[in-house]
Amino acid sequence: MSFRETFFNKIFTLRNLFFFFNFLVLALFLYALSLDWNREWKPYQKEYKTREHNKQPLEIKQILATDFNRVDRCITCHTGYDSFTNPTLTNGYKDHPYAAPQNAIHQKHPFEKYGCAVCHEGQGLATTFVDAAHMPKDENQKKEWEKKYHWEIVEFWEQPMKAGPLLYASCSKCHQAHPKVAGMESLKKGEKLVFENGCIGCHQIRGEGGTIAPDLAEETSVKPLTRIDFGPAINAGLISKKERTLENWIRLHFATAPQVLTPGDPEGHLSADPKHPQAVAPSGMPYFGFNKEETEALVAYVTSLKREKIPYIYYREAPPKYEPVFTDAAQHGRYVFQKYGCTGCHGKNANKGIPVFNRQGQRAPDLVKTVGTFTREELIKKIQTGVNPEVKENPQGPTPPLYMPTFKEKIKGTELEDLVTYLTSIAEKTEEW
Ligand code: HEC
Ligand code: HEC
Ligand code: HEC
Ligand code: HEC
Ligand code: HEC
């Protein structure tokens, strides 16, 4: 018998195949059973029940937060927050996931209605530590988690858990003002920085502000990861491929020069038609040089602008905001200068134009130096109509990314008059002969 005959008659027979596949199915079944047996959450629940001398069955536990369209299984491991196992919802344990310390915020938002992820974010349905999208609050915790849980960021899960002060960004989904609780400091600081630095001169927040840059609330705070080009940041070694999160994207805009993140194509090398290269200027956003604390405050604030569909009964509207009152016209004008974000391009004291790529002089004007050369009427006209288009430094180069926008529809009446009074009050005195 040739090898071929032996093979088909003796070995590769239907009967043998039948046995082989039966064994395979059995093996897979046992494997699945062992996976189920070894579910990551089981030892946590077991340990909790041992500590509490409790004989309830081991099971996946979940909260149906139907009002928010969420199903959260966090209590499968965080058993102390399961009202069935632990009706008081507090205990004295110090170690997570067993700990359920007294927590005033938890008490004000009953878990059976809110679930967990509406505040903490993360992946409510997940039953493993990594998939729940826990986020470390610092480098040390990150290293510890990598060792202990093989922690990594869940790639392209849009809502990783919020750690540290960033957790308080979630509150604004319902509380349109910042609730007066400890932990809100960072968010409030972020809001103040946004006001003082004139982000709104270029960005909008829910439709209010400049049109040069994305709406930080309606676009940025809900930006899908697939719409973010992390390439330049990764190439520059600022983050790794595994760190592509929206929070990091926002953070990088303060931690580094935005031109590194959005380099444009100033020479037009990437143009589709090399005969008529289309140069694109790098980002027009200035590098503010915020420190770490300021950076985190800004990340907290920008992420707090996110809104999601939440039933109206859960909204707590902000009380009306009153404009501060000024008796001095120039001081009111200075406030107007901040309020509309003139500071974003002209500096906090109107004496520092930010860099503007390929604009003649490469900067926005230093108003302290230039406003003295205009009459009141000319200043009003500049503010009302804006200045566009610009003279380029290099005619072949890209259009400058920034220009003086029009404020015609926004600044009128006393605001306009006082703004101009402010500008004329700061004008550098030229020597008079
Ligand atoms: C597989 C079990 C498991 C699930 C599911 C789980 N957790 Fe955890 N969680 C843990 C463990 C374990 C820790 C402790 C981590 C450590 O060692 O620091 C923890 C820690 C935490 C912490 C504290 C983090 C810190 O800074 O110390 C929070 C907050 C938290 N979990 C929230 C949640 C939320 C919200 C969910 C649901 C979306 C969830 N967890 C789902 C196991 C789980
Ligand atoms: C209304 C918002 C809200 C909801 C809903 C909520 N939490 Fe919290 N949670 C908080 C806040 C705020 C803190 C306090 C963080 C701090 O102390 O800085 C906190 C703290 C925690 C901690 C302790 C973290 C630490 O650093 O020690 C854990 C664990 C936790 N929550 C788990 C849960 C679980 C599980 C659920 C759902 C059953 C839940 N939370 C629901 C807002 C919420
Ligand atoms: C899903 C919506 C929602 C989220 C998210 C939420 N809250 Fe609330 N919160 C409410 C509602 C509704 C009440 C009022 C409850 C009542 O009237 O009994 C409330 C009550 C409170 C109260 C009691 C005082 C008051 O204003 O009535 C505080 C304090 C509070 N929330 C703080 C927070 C903080 C801090 C966070 C974020 C960690 C947060 N909330 C997240 C909806 C929410
Ligand atoms: C002079 C104009 C200007 C000012 C002032 C400015 N930005 Fe920007 N910013 C931009 C432009 C333009 C972009 C669009 C992307 C790019 O070209 O870099 C941008 C992008 C961003 C992004 C990423 C947005 C997204 O959707 O991808 C964030 C976050 C951001 N800016 C926050 C701020 C904050 C906060 C401030 C104030 C502290 C600020 N910016 C001030 C011009 C500005
Ligand atoms: C997006 C950036 C940006 C913002 C925001 C901005 N400016 Fe300007 N501004 C410019 C640029 C660029 C010029 C120079 C225009 C040109 O080419 O002549 C300019 C010119 C001016 C001038 C004329 C001075 C000169 O030397 O030409 C005045 C006055 C002025 N801005 C006032 C304001 C005021 C007041 C606000 C706020 C209401 C404001 N700007 C907001 C960018 C900006």
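Because the structure is a prediction, the values reported are computed rather than measured.

A. Inspection of the coordination of the iron atom of ligand 3 at higher detail. The coordination sphere of the iron atom of ligand 3, as far as protein atoms go, consists of H109 (NE2) and H175 (NE2), spread over 1.9 Å. Bound by six donor atoms, the iron atom of ligand 3 shows angles of 88 to 179 degrees at the metal and therefore octahedral coordination geometry. Placement of H109 in the loop between helix 4 (104-108) and helix 5 (111-114) and of H175 in the loop between helix 7 (139-149) and helix 8 (185-196) is noted, with a sequence separation of 66 residues between them. On the basis of relative accessible area, H175 is assigned to the partly exposed category, the value being 24%.

B. Structural view of the site of ligand 4. Near ligand 4 there are 24 residues, and of these C199, C202, H203, S283 and M285 occur at the shortest range. With respect to ligand 4, the side chain of T220 contributes an N or O atom lying 2.8 Å from an oxygen atom. The set of elements that each furnish at least two residues to the shell around ligand 4 consists of helix 10 (246-255) and helix 14 (342-346). Per-element accounting of the shell around ligand 4 gives the leading share, four residues, to helix 10.

C. Looking closely at the site of ligand 1. Close to ligand 1 lie 22 residues, the nearest being C74, C77, H78, H134 and Y149. Taking H78, its side chain carries an N or O atom lying 2.8 Å from a nitrogen atom of ligand 1. A distance of 3.1 Å separates an oxygen atom of ligand 1 from a polar side-chain atom of K137. In terms of residue count, helix 7 provides more of the shell around ligand 1 than any other element does, four residues in total. Here the residues of the shell around ligand 1 sort into 11 nonpolar, eight polar and three charged.

D. Inspection of the coordination of the iron atom of ligand 4 at higher detail. Listed as protein donors to the iron atom of ligand 4 are H203 (NE2) and M285 (SD); their distances from the metal cover 2.0 to 2.2 Å. If you look at the iron atom of ligand 4, its six donor atoms make angles of 85 to 178 degrees with each other, and the shape they trace is octahedral. Residue H203 is found in the loop between helix 8 and strand 3 (204-205), and its partner M285 is found in the loop between helix 11 (258-261) and helix 12 (292-304); the two are separated by 82 residues along the sequence. For the residue pair H203 and M285, the accessibility class agrees, reading buried in each case.

E. A look at helix 7. Turning to helix 7, its buried residues number three or more, namely Q141, K142, W145 and Y149. The buried residues of helix 7 occupy one face: seen down the axis, they fall within an arc of 100 degrees. Summarising the geometry of helix 7, the exposed residues directed more than 90 degrees from the buried face are N140, K143 and K147. Where helix 7 is buried, its residues contact helix 3 (41-52).

F. Region of the structure containing the pattern of salt bridges. All told, the structure shown has 23 salt bridges when counted by the stated rule. Between K173 and E121 there is a salt bridge, with the nearest N and O atoms lying 3.1 Å from each other. Linking K173 in the loop between helix 7 and helix 8 with E121 in the loop between helix 6 (117-120) and helix 7, this pair joins segments that are 52 residues apart in sequence. When its relative accessible area of 2% is taken as the criterion, K173 is described as buried. Salt-bridge contacts for K242 lead to E152; the nearest nitrogen and oxygen are separated by 2.9 Å. Taken together, the positions of K242 in the loop between helix 9 (231-235) and helix 10 and E152 in the loop between helix 7 and helix 8 put the pair 90 residues apart, joining distant regions of the chain. Since its relative accessible area comes to 36%, E152 is described here as partly exposed. Each of R70, E121, K173, K306 and E308 takes part in a single network of salt bridges with overlapping partners.

Thresholds applied
- Numbering of residues starts from 1 in each chain and follows the order in which that chain's sequence is written.
- Labels are handed out in written order, letters beginning with A for the chains and numbers beginning with 1 for the ligands.
- In keeping with the predicted nature of the model, local features appear solely for residues at pLDDT of at least 70, side-chain atom pairs appear and are counted solely at 80 or more, and the whole-chain, interface and lining totals rest on all residues.
- The basis for the side-chain values is all heavy atoms of the structure; hydrogens and waters are excluded.
- With water omitted from the atoms examined, metal sites may look incomplete; donors here are N, O and S atoms no farther than 2.8 Å from the metal, or 3.2 Å in the case of Na, K and Ca.
- Each label reflects the angles at the metal, where four donors whose angles all fall between 85 and 135 degrees are tetrahedral, four or six donors whose opposite pairs open beyond 155 degrees and whose other angles stay between 65 and 115 are square planar or octahedral respectively, and the rest are irregular.
- Here a strand is any run of E in DSSP of at least two residues, a helix any run of H or I of at least four, and the numbering for each starts at the N terminus.
- Exposure classes here rest on a 1.4 Å probe applied to the protein chains alone. A residue is buried below 20% of its type maximum, exposed above 50%, and partly exposed in between.
- When we say a residue is near a molecule or strand, we mean one of its heavy atoms is within 4 Å of it.
- Whenever a nitrogen or oxygen atom comes within 3.5 Å of another N or O atom, the pair is scored as a polar contact, on the condition that within protein one atom can donate a hydrogen and the other can accept it, and that pairs from neighbouring residues in sequence are kept only if both atoms are in side chains.
- Here the term charged refers only to Asp, Glu, Lys and Arg, the term nonpolar to Ala, Val, Leu, Ile, Met, Phe, Trp, Tyr, Cys and Pro, and the term polar to all other amino acids, Gly among them.
- Relevant arc is that of directions from the helix axis to the C-beta atoms, nothing else.
- Contacts are assigned to residue pairs that have any heavy atoms within 4.5 Å of one another.
- Whenever Lys or Arg places a side-chain nitrogen within 4 Å of a carboxyl oxygen from Asp or Glu, that contact is recorded as a salt bridge.

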